[in-house]
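Summary of structural features
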Amino acid sequence: MNEWSFFMHATNNVNNPIYRYWVLVGMVLIAGFSQGMLLPLLAIMLEQVGVSSSLNGLNAAGLYIGILLISPFIEKPVRHFGYKPVIVTGLILVATSLMLFPFWQVFWFWFMLRVIVGIGDNLIHYATQVWITSTSPKKTRGRNLSIYGLAFGMGFAIGPLMTRLLAVNEFLPFIIASVTSLFSWVFVMKLRNEWPDNEVTTASKLGTWARYKKVVSYAWFALLPAFCYGYLEASLHGNFPVYALRSGMTIDWVSILLPSFVVGSLVTQLPLGILSDKIGRKKVLLSVIFLGFLSFMAMSFFESSMTGLLLCFIFAGMFIGSTFSLGMAYLADLIPASLLPTGNVMLAVAFALGSIFGPIIGGIFIDLFESGSIYYSISGMLLLVLIAGLVFTPKLDGGEQTVINSA
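No experiment lies behind these values; they were computed from the predicted model shown. (Residues numbered from 1 in each chain as written. Predicted model: local features only at pLDDT ≥ 70, side-chain atom pairs only at ≥ 80, totals over all residues. Heavy atoms only, no water.)

Right, let's get into the pattern of salt bridges. The final tally for this structure, using the stated rule, is eight salt bridges. Between Arg-20 and Glu-194 there is a salt bridge, with the nearest N and O atoms lying 3.0 Å from each other. You can see Arg-20 sitting in helix H2 (residues 17–48) and its partner Glu-194 sitting in the loop between helix H7 (172–188) and helix H8 (208–246), a full 174 residues away along the chain. Glu-194 carries the same exposure label as Arg-20, and that label is buried. For Arg-246, the salt bridge is made with Glu-47, and the minimal N-O distance between the two is 3.8 Å. Of this pair, Arg-246 sits in helix H8 while Glu-47 sits in helix H2, placing them 199 residues apart in sequence. The exposure class of Arg-246 is partly exposed, given its relative accessible area of 43%. Three or more residues are tied together by salt bridges with common partners; here these are Arg-141, Asp-277, Arg-281 and Asp-333. (Salt bridge = Lys/Arg side-chain N within 4 Å of Asp/Glu carboxyl O. Helix = DSSP H or I, 4+ residues; strand = E, 2+ residues; numbered from the N terminus. Buried < 20%, exposed > 50% of the residue type's maximum accessible area, 1.4 Å probe, protein only.)

The following block contains the structure:
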């Protein structure tokens, strides 16, 4: 049986783990599409009506404030109700909010809708991440999560292209995004519900703060790539359109440069995931963060050349675009399976904090400085994360079982 026949056989059985995996991956692609569309689309629309870059960044942060607000409350429903109801709830929140954006174009109304989208996105991503991570064997975890990251990146790359549809109709991008969210709901409803592992250790019986403390003590650096990716993603999609328009770039160039970063990440997402399975997650993480730092520093020198800037964006995506999935896999290596729900809550918090600080700091930099401000903001953050990684030494370096026995 060839690979295609094997895949088709798997998809005919809705309870098959392969079918479940690819449904979750496809759904994340659609979630990435809606998220990748909202950031630059709303940033451009707010810039066109004269909203300052600082307030624009604050509005962009609404998405991640929603992620942060729901994070402390998300673990218990997943443990109690299972993955599927949480995912379905997230899809309904996202699809409904996307439909409402064009009806009332007011700053604070959009901010609240972005908060709701952030809540829905976190419900979707948290449940799918834990579901995939907890059902993936360690030897293929990096590969499986890199495909997850690849799907999100593909959706995120397509999203900014929706800015071109503003010239056709302001409602059209939002209609497309909401319909695709509802489309993914049909496939999710066919999945059999499952629950996280609560039996490996007594970790699930620990208090919430005790579980958080245990995750931090074992794997604090594994949380920083999520912060790094959130800061980077939100800065690029929330601040860069404003910076680019003020620098004289056209909307067409913005819609090319932003997807080029994600396209670069698509090229290396799977190879880096496989490489991390073979030589170790930390080595790969430190290498890509360093190369990403160099790429963003180079952008300030190539800003006058669209070709040079395009290449820098592609290279930066190739290096940094995998940080979230690599950090997620590294976290799963360092903590027991019963702490994965808690660990993924903390990943979401780290991502949200990075995503909140990114647009706000980036917006302040744009207001205070002129040339290169956005690139310096991102490269400075990468340098700090790199230094943190160099000083991090895992308490336990024997994989899950060692951690479990020590818990």
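Once the structure has been displayed, the description carries forward.
Another point: the nonpolar core. Counting residues in hydrophobic clusters, the biggest one holds 124 residues, and the most contacted among them are Tyr-64, Phe-101, Phe-240, Phe-261, Phe-296, Ile-378 and Leu-382. If sequence neighbours within four positions are ignored, Phe-240 has contacts with Ser-235, Met-249, Leu-257, Leu-258, Phe-313, Ile-374 and Tyr-375. (Core = buried A, V, L, I, M, F, W, Y, C linked by side-chain atoms within 4.5 Å. Contact = heavy atoms within 4.5 Å.)

At a closest axis distance of 7 Å, the pairing of helix H3 (residues 53–81) and helix H5 (residues 107–134) adopts a crossing angle of 40 degrees. Remark: the crossing between H3 and H5 carries right-handed chirality. Classifying every residue of the contact of H3 with H5 by side-chain character gives 19 nonpolar, six polar and three charged. (Axes fitted to C-alpha atoms, helices over the stretch in contact; angles between N-to-C directions. Left-handed = near helix turned anticlockwise from the far one by under 90°. Nonpolar A, V, L, I, M, F, W, Y, C, P; charged D, E, K, R; others polar.)

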